[in-house]
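One letter stands for each residue in the lines below.
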Amino acid sequence: MAGPGSAPSESDWAGLATAVSGRVLRPGDTGFGPASTPFNERFAATTPAGVVTVADTADIRRAVQWARSVGIGAVARSGGHSYAGNCVSTGLVIDLSRLNTVTADGSTGLVTAAGGATMADIYAAIQPHEMAYALGNGSSVGIAGLTLGGGCGATSRVHGLTADALVETTVLTADGELLRCDATENADLFWACRGGGGGNFGINTSFTFQAQPVSDCSTYLLLFDRADAEKVFTVAQQVVRSAPDEFAARTGISTTGSGAMVSVIGQHLGPAAELREILDPLLSVAGPRRADIDDRTYWEAKDDLLHDTAGGSFAARTSILTEPLPDAGIEVMLAMVDKWPGSGNPDGAGAALFSWGGAVNRVGVSETAFPHRDTMFLLALDTSWLATDPASAVERNLGWLAELGEALAPFGTGRSYLNFTDPDLESWRTAYHSVNYARLVETKLRHDPNRFFTFTQGIGT
Ligand SMILES: Cc1cc2nc3c(=O)[nH]c(=O)nc-3n(C[C@H](O)[C@H](O)[C@H](O)COP(=O)(O)OP(=O)(O)OC[C@H]3O[C@@H](n4cnc5c(N)ncnc54)[C@H](O)[C@@H]3O)c2cc1C
């Protein structure tokens, strides 16, 4: 058997394959590529020593025990959508994707998802009961990463974060203990699991949420020319400020290199007639090129707002804003988007303001591990490229993103959203976790004193 620092032997790997009911894949095995490649192909070159696709909780425990005994690290993978590729490492990947059962009880509103469930699995279970809570807008995003890092959706101003809806979770620790966590039992771990970040404290095998009844609503898609961008960003922010919590907006500018497009997209938990009134200042400030404002069922709205992406490689930087982005900030942002260096990825690059606040801000800063309870907008900046782009193009894209982030830093709080993880962010401890960082480190050391679960930007590193 390998000791710490040396690679596990072939017989160690054979031992793992025999010990688990699930499947173990090594580099070169059929299916290893899809099992080991993260959604963000920026990190596709990280090759795990092996991937164990677990069949049940007992497999997770055996995999953790095996990794500890042979002296290699292990990371959990659920949806695989970490922006920073944190679901892969050069050690063992514990893939929970087969643990995707979701049960929903229409009489209590309780929804229990296994640790590897995706948005698609959850929506399929809750739709028949006409109930929901804030969820992500990508169907293959995992509930584990989403919840553990906060989780914000179009209904968050009414429903709060995904983490705010969490009422219980079960965590398998590095010692192999299975801990039930809620507001009274293992309350420290429960607190940390509500926004402290995936991959830090153990492997969550299940999540139970309190869902709310839903009703019909309306959605909108407004497209404007680049020439109207200043006016649109200014007025869209005013609209959000005076709108009820039922209204949500993502105001963005995107470019693929051949001209930029401005969009305001969102949802209103009310009828289209009411939505049209809310949007009126925006519709009259500039003639939109396209304006779709429609009554929808809650489930049609969810499909309308699905985030479609070409995939490939991407990077993002975020800034928590407690005030609207002023004209000077809008000007800098638009000028920088016009200077995007280009890449082969059809997703291009851009900047967007997501309306936050409402119910998200009605929770105390340290009531859960998620600290950004004073946010008006999340400013998200992103760029993308393909594996076929030359290294110089990747460098130019990352340089452009860093420059854009620095140019807009004076308008923000210095804080960032953990789930749009930026592996290049040096100030990540305070930026992601703010005043809650010290308590997160204490919780980490209480439950994982040997720091078995570790990664770049992991708690306590
Ligand atoms: C296309 C797309 C759409 C998105 N939409 C939204 C959105 O609408 N709202 C939003 O807030 N965010 C959104 N995100 C960001 C998303 O919340 C994060 O990327 C999140 O970390 C993804 O979780 P995952 O389980 O898919 O990822 P993974 O990469 O599998 O995991 C993320 C982290 O959690 C750890 N982890 C995974 N499973 C477990 C587990 N069971 N127990 C403990 N730790 C675990 C991993 O080791 C890793 O550190 C989106 C991302 C993408 C790529």
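Everything discussed here concerns the structure shown above.
Residues numbered from 1 in each chain as written. Predicted model: local features only at pLDDT ≥ 70, side-chain atom pairs only at ≥ 80, totals over all residues. Heavy atoms only, no water.

> Lay out the site of the ligand in plain terms, naming residues and giving numbers.
Taken together, 32 residues lie near the ligand, and Ala76, Ser78, Gly80, Cys152 and Tyr417 sit nearest. Gly79 is positioned such that a nitrogen or oxygen atom in its backbone is 3.1 Å from an oxygen atom of the ligand. Taking 970 Å² as the accessible area of the ligand by itself, protein coverage stands at 95%. Counting residues per element, the ones that place at least two in the shell around the ligand are β3 (74-77), α5 (143-148) and β10 (203-210). Of the residues that constitute the shell around the ligand, the class distribution is 13 nonpolar, 18 polar and one charged. (Near = heavy atom within 4 Å. Polar contact = N/O pair within 3.5 Å; in protein donor to acceptor, adjacent residues only side chain to side chain. Areas by Shrake-Rupley, 256 points an atom, 1.4 Å probe, with all protein chains shown as cover. Helix = DSSP H or I, 4+ residues; strand = E, 2+ residues; numbered from the N terminus. Nonpolar A, V, L, I, M, F, W, Y, C, P; charged D, E, K, R; others polar.)

> Run through the packing of helix α1 (residues 10-19) against helix α3 (residues 57-70), naming residues and quoting values.
Running from N to C, α1 and α3 point in directions that differ by 165 degrees, and their axes come no closer than 10 Å. With respect to each other, α1 and α3 are oriented roughly antiparallel. Both α1 and α3 take part in a crossing whose hand is right-handed. Between α1 and α3, the residues in contact are Asp12, Trp13, Leu16 and Ala19 and Arg62, Ala63, Trp66 and Val70, respectively. Classifying every residue of the contact of α1 with α3 by side-chain character gives six nonpolar, no polar and two charged. (Axes fitted to C-alpha atoms, helices over the stretch in contact; angles between N-to-C directions. Parallel < 35°, antiparallel > 145°, perpendicular 65-115°, else oblique. Left-handed = near helix turned anticlockwise from the far one by under 90°. Contact = heavy atoms within 4.5 Å.)

> Outline the nonpolar core, listing residues and values.
Counting residues in each nonpolar core, the largest one holds 46 residues, and the members touching the most others are Tyr220, Phe247 and Leu282. A per-element tally of this core places helix α9 (residues 229-242) first, with seven residues. Residues contacting Leu282, with those up to four places away along its chain left out, are Leu222, Phe224, Val232, Val235, Ala236, Val239 and Val264. In this structure, Val102, Val141, Phe207 and Tyr432 belong to the second largest nonpolar core, which totals 45 residues. (Core = buried A, V, L, I, M, F, W, Y, C linked by side-chain atoms within 4.5 Å. Buried < 20%, exposed > 50% of the residue type's maximum accessible area, 1.4 Å probe, protein only.)

> With reference to specific residues and values, describe the environment of Leu178.
The topology assignment puts Leu178 in strand β9 (residues 178-181). The exposure class of Leu178 is partly exposed, given its relative accessible area of 40%. Sequence separation of Leu178 and Thr103 is 75 residues, and the distance between their C-alpha atoms is 20 Å.

> Go over the state of the cysteines, please, and point to the residues and values.
All told, the structure shown has zero disulfides when counted by the stated rule. In this structure Cys193 is not part of a disulfide, and its nearest cysteine sulfur, from Cys181, lies 5.8 Å away. (Disulfide = S-S within 2.5 Å.)

> Kindly report on the sheet that holds strand β4 (residues 92-95), identifying the contributing residues and their values.
Spatial strand order, β1-β2-β4-β3: four strands in an open sheet with mixed pairing. The open sheet is flanked by β1 (23-25) and β3, the only strands paired with a single partner. Strand-to-strand twist across the sheet, computed as the mean angle between neighbouring axes with direction ignored, equals 20 degrees. Of the pairings in the sheet, the one linking strand β2 (residues 50-53) to β4 comprises four bridges and is parallel in character. Bridge pairing links Val51 to Val93 in β4. Against the sheet, α1 contacts β1, β2 and β4, and its axis sits at roughly 155 degrees relative to β1. Across the sheet, α3 is in contact with β2, β3 and β4; its angle to β4 comes to roughly 175 degrees. (Pairing = 2+ DSSP bridges.)

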